[in-house]
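Residue strings, one per chain:
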There are 2 protein chains.
Amino acid sequence: MLILDGVSDRPINGKTPLSEAYTPNLDKLAELGINGIMDTIAPGIRPGSDTAHLALLGYDPFKFYCGRGPIEAAGAGIEVKTGDVAFRVNFATVKGEGSIFEKIVIDRRAGRINDTDELVKAINEEVKIDSDFIFKRGSGHRGALVLRGENLSDKVTDTDPKKIGGRVKKCIALEKGAERTAEIVNDFMQKSHEVLERHPFNIKREREGLLKANALLLRGVGKLFSLPKFEERYGMSLAVISGTILIKGVGRIVGGELIEDSRITGGKDTDLNAKVDLALKALKSYDFVLLHIKACDEYGHDGDFDGKRKFIEKIDKALERILSLDFSEICVVISADHTTPVSVRDHTADPVPLSIVFDQVRKDDVKRYSEFDAYKGGLCRIRGIDLMNIILDLIDKAKKYGA
Amino acid sequence: MLILDGVSDRPINGKTPLSEAYTPNLDKLAELGINGIMDTIAPGIRPGSDTAHLALLGYDPFKFYCGRGPIEAAGAGIEVKTGDVAFRVNFATVKGEGSIFEKIVIDRRAGRINDTDELVKAINEEVKIDSDFIFKRGSGHRGALVLRGENLSDKVTDTDPKKIGGRVKKCIALEKGAERTAEIVNDFMQKSHEVLERHPFNIKREREGLLKANALLLRGVGKLFSLPKFEERYGMSLAVISGTILIKGVGRIVGGELIEDSRITGGKDTDLNAKVDLALKALKSYDFVLLHIKACDEYGHDGDFDGKRKFIEKIDKALERILSLDFSEICVVISADHTTPVSVRDHTADPVPLSIVFDQVRKDDVKRYSEFDAYKGGLCRIRGIDLMNIILDLIDKAKKYGA
């Protein structure tokens, strides 16, 4: 399953980056397969990449989505467990007197700090609160915090004011029973601030004229609940190849194995050939391989039509070897998690093109992989949540309902 | 409503029995009508013929499917009532010492016995258990058992080991409250075995070197719950024409009347002209006629491409007279309950082609009744559960929701 994050678009003068791109390999795959359009969540619902990927893997996001915190924490490498409450974290710079909640955020990224290892270590060693916790860094100024213990609640507010000049927010309980979690979070906020404020690494940064990374801002709270594992559910092992923490996180919470490689960046500079190599190799030892390619989405967010078109052409070149797969043995699915129009610079709910290439499918007349062709195909219009069932049926792993 | 059981397929070298068949009449109907593809249950969900027919008649199988036992019992002619617990039954041959549960199944079909009338009579007369019961024969070695009484449960296991050489299984309660039903079933197992073992008909069979039909194996347990009757629901009388016990059963549990005729076999040898005759006649006295034709499914299960194609051509010939119906008065629906690919030899979830012929429909450009044309039609892709509502709307029997 190849997911081209945000590859589809809305037309500008009748053209999209995908329709304008020269994509002989994607087109050949569309020609070999059955095509359609897909609402990854539901018609008109703008998908996040996380909710969309849950749906694409057959997990109803309305039932299984637990918020971004646990997914990012899992993607950052924390073994998130059922009942854990997790936050996304930013290292930030605050100024002022008094407690952390009296201080003002002057930089939400602490001068785009990148070397947080020492600070992370200090927090894990020195902060003592009324709960076990795991704090791990992500890329750059980012990190993830997991609280672990009995009766934790995710019905609490963020502490990130989400704007420069805002005061650090107190965590507030949103329902009865969440008060203790809010207290733990506030305690963590204050104690981590104290550890960071006086840390030699920050003192040194200050001396060098850099912003101190003296506060942790928490957002995206969520509580992981029990998810049936992909392999138990479908009888297939799952490998996930992605450079994006969020997608790695989805892969991990459903029990998939991550295939990691330093050449995979999750960005515009990722090594697409390496990714395809890893996917082709993974197909030999895993039953199901999810290959996620991110950067079309970034070009969409940037509003960069031509950049997006060119990146699609790069992807297309890297996909040439996919055409030599034995489609009597391997079912290839090509789609996206959502549309990211360069005109909107954000995700939209426009359905995504979908091609399924497998000897057993009813080939249709579609000969191009694009927004303007896919809807004419034999799949018509489906929902993301139905895709796994359709695949299971095609590969003969479906059970009959009734007699 | 004409249901061609399992008529659709997956392509072999780009061709299916339906796409290869010469079907001028089906094609004409497609041309006259509006077309589409249909997931009778849901995309990717492999339908049984029973669950699919429930959906096609507007009964959500996830809500109304009660297991195969009650449906087969109804199809075999038993007046199954709400609360009845029913099983499918095989006459079988067992050997060994001790109680029925110590014996080994040596033939699950008792040498494909066909003349079970005397044995059925003896069981109904001589077996006394702590519940009313009705035991009726089906075709060949088959039968149906209905238990009737207060507080019976279908949360019990089968007694059929489903393999030769297996010991007859004790019926086990799967939840609290089902123990009494399990006891009744086990008592029936033992007592029916005793009656059969000593029955003169079986003694005679043994003397003739035939296998004794000395045990009844039970499977497919289900409990019939209250279903709204078709006529109450839609204000239309329903006639069902089918040679297949399972479909007759669906027709009966929704309150339809069966039109029976010895020329209808439910097999490859059925008299298709007689079926169409009966349907055309039934249209004069019933509001809604379900005409079910089985054998395409059988050819699919047999993996017989050419047999399936030829049978489709036979159906097509028999349908010629359908073209002379007055489509301003009569709405004709042509579809299937599921796909039965000759390559898979079982039901799959590939959507089925659907044509609705009626003066009021929006005719589309489809001119062939096939898997490769239907999806291009004006109905796009719908679900089975929506079909009855679409029909009710077309024939002006739908109510407005809202003002």
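Here the structure is a predicted model, which is why all the values come from computation and not from measurement.

## Some remarks on the relation of the copies chain A and chain B
With an axial shift of 0.2 Å and an RMSD of 0.1 Å, the rotation relating chain A to chain B amounts to 125 degrees. In symmetry terms, the pair is related by a three-fold rotation axis. Of the C-alpha atoms belonging to chain A, the one lying closest to the rotation axis is found on C380 of chain A, 3.6 Å away. Comparing contact sets, just 12% of the residues at the interface of chain A also lie at the interface in chain B, consistent with a heterologous contact between different surfaces.

## Concerning the domain arrangement of chain A
All names here are of chain A. For chain A, the assigned domains read domain 1 (2-66 + 228-394) and domain 2 (74-223). A straight line from the C-alpha centre of domain 1 to that of domain 2 covers 34 Å. Of the residues lining the interface, 6 residues belong to domain 1; the matching set on domain 2 comes to 11 residues. Summed over both partners, the interface of domain 1 with domain 2 buries about 540 Å², with 56% contributed by carbon and sulfur atoms. Counting the surface domain 1 buries against domain 2, the share from its top three residues, C66, I245 and R252, is 80%. The interface formed by domain 1 and domain 2 holds 1 salt bridge in total.

## Some words on helix α5 (residues 68-75) of chain A
Quick reminder: α-helices carry 3.6 residues per turn. Residues three or four places apart thus point the same way. Residue and element names in this part refer to chain A. Counting buried residues in α5 gives 7 out of 8 residues, a clear majority hidden from the surface. Those residues of α5 that are buried lie in contact with α3 (49-56), β3 (85-95), β6 (142-148), β7 (215-223) and α10 (245-253). Trailing α5 by a residue or two, G77 shows a phi angle of about 105 degrees, which is positive.

## So, the sheet that holds strand β13 (residues 380-383) of chain A
Residue and element names in this part refer to chain A. The strand order across the open sheet formed by 8 strands is β9-β8-β10-β1-β11-β12-β2-β13, and the pairing between neighbours is mixed. Across the chains shown, the open sheet's two edge strands, defined by having one partner strand only, are β9 (257-258) and β13. Pairing of strand β8 (residues 238-241) with β9, which is carried by 2 bridges, proceeds in the parallel orientation. Within the sheet, the bridge partner assigned to A239 lies in β9 and is E257. Contacting β8, β9 and β10 (288-293), α10 crosses the sheet at an angle of about 170 degrees to β8.

## Considering the packing of aromatic side chains
Following the criterion strictly, the structure yields 14 aromatic pairs over all chains and no others. One aromatic cluster is present, formed by F230, Y234 and F288 of chain A through successive ring pairs. Taking the ring centre of Y299 of chain B as reference, the NZ or CZ of K268 of chain B above it sits at 4.5 Å.

## A few points about the sheet that holds strand β2 (residues 34-39) of chain B
Residue and element names in this part refer to chain B. Strands sit in the order β10-β9-β11-β1-β12-β13-β2-β14 across an open sheet of 8 strands; the sheet is mixed. Of all strands in the sheet, those with a lone pairing partner are β10 (257-258) and β14 (380-383), marking the two edges. With 4 bridges joining them, β2 and β14 adopt parallel strand pairing. Opposite D39, over in β14, you have R383 as the bridge partner. Sitting on the sheet, helix α14 (residues 384-394) is in contact with β2, β11 (288-293), β12 (332-335), β13 (352-357) and β14, with an inclination near 105 degrees to β14.

## With respect to the pairing of strand β6 (residues 132-137) of chain B
Across 6 bridges, β6 of chain B lies against strand β7 (residues 142-148) of chain B in antiparallel orientation. Looking across to β7 of chain B, one finds that K136 of chain B is bridged to A144 of chain B.

## Re the pairing of β11 of chain B
All names here are of chain B. Along β11, 6 of the 6 residues are buried, which leaves the element largely enclosed by surrounding structure. Across 4 bridges, the pairing between strand β9 (residues 238-241) and β11 is parallel. Within the sheet, the bridge partner assigned to A239 lies in β11 and is V289.

## Thoughts on the interface of chain A and chain B
As a measure of interface size, the accessible area lost when the parts come together is often cited. At the junction of the two partners, chain A supplies 26 residues and chain B supplies 36 residues. Considering only the side of chain A, the residues that lose the most area to chain B are R362, Y401 and A403 of chain A, jointly responsible for 37% of the buried surface there. The tally of links between chain A and chain B comes to 6 salt bridges. For the side of chain A that touches chain B, the secondary-structure elements that each account for two or more residues are β13, α14 (384-394) and β14 (400-401) of chain A. With 5 residues, α14 of chain A is the single largest residue contributor to the side of chain A that touches chain B. Pairing of β14 of chain A with strand β3 (residues 46-47) of chain B, which is carried by 2 bridges, proceeds in the parallel orientation.

## As for the nonpolar core
Within the largest apolar cluster, 89 residues are counted, with the highest numbers of intra-cluster contacts made by M1, L4, F230, I241, V254, I356 and L387 of chain A. Each of two domains, domain 1 (2-66 + 228-394) and domain 2 (74-223) of chain A, supplies a minimum of three residues to this core. If near-sequence neighbours (up to four positions away) are discounted, L4 of chain A is found in contact with L26, I293, I315, I334, S335, A336, D337 and Y369 of chain A. Membership of the second largest hydrophobic core comes to 87 residues, among which are M38, L227, F288 and V352 of chain B.

Conventions we followed
Residues numbered from 1 in each chain as written. Chains lettered and ligands numbered in written order. Predicted model: local features only at pLDDT ≥ 70, side-chain atom pairs only at ≥ 80, totals over all residues. Heavy atoms only, no water. Least-squares fit on C-alpha atoms with pLDDT ≥ 70 in both. Contact = heavy atoms within 4.5 Å. Domains from an automatic or database assignment. Buried area = accessible area lost by both parts, 1.4 Å probe. Salt bridge = Lys/Arg side-chain N within 4 Å of Asp/Glu carboxyl O. Buried < 20%, exposed > 50% of the residue type's maximum accessible area, 1.4 Å probe, protein only. Helix = DSSP H or I, 4+ residues; strand = E, 2+ residues; numbered from the N terminus. Pairing = 2+ DSSP bridges. Axes fitted to C-alpha atoms, helices over the stretch in contact; angles between N-to-C directions. Phe/Tyr/Trp six-rings, centres within 6.5 Å; stacked < 30°, edge-to-face > 60°. Lys NZ or Arg CZ within 6 Å of the ring centre and 35° of its normal. Core = buried A, V, L, I, M, F, W, Y, C linked by side-chain atoms within 4.5 Å.

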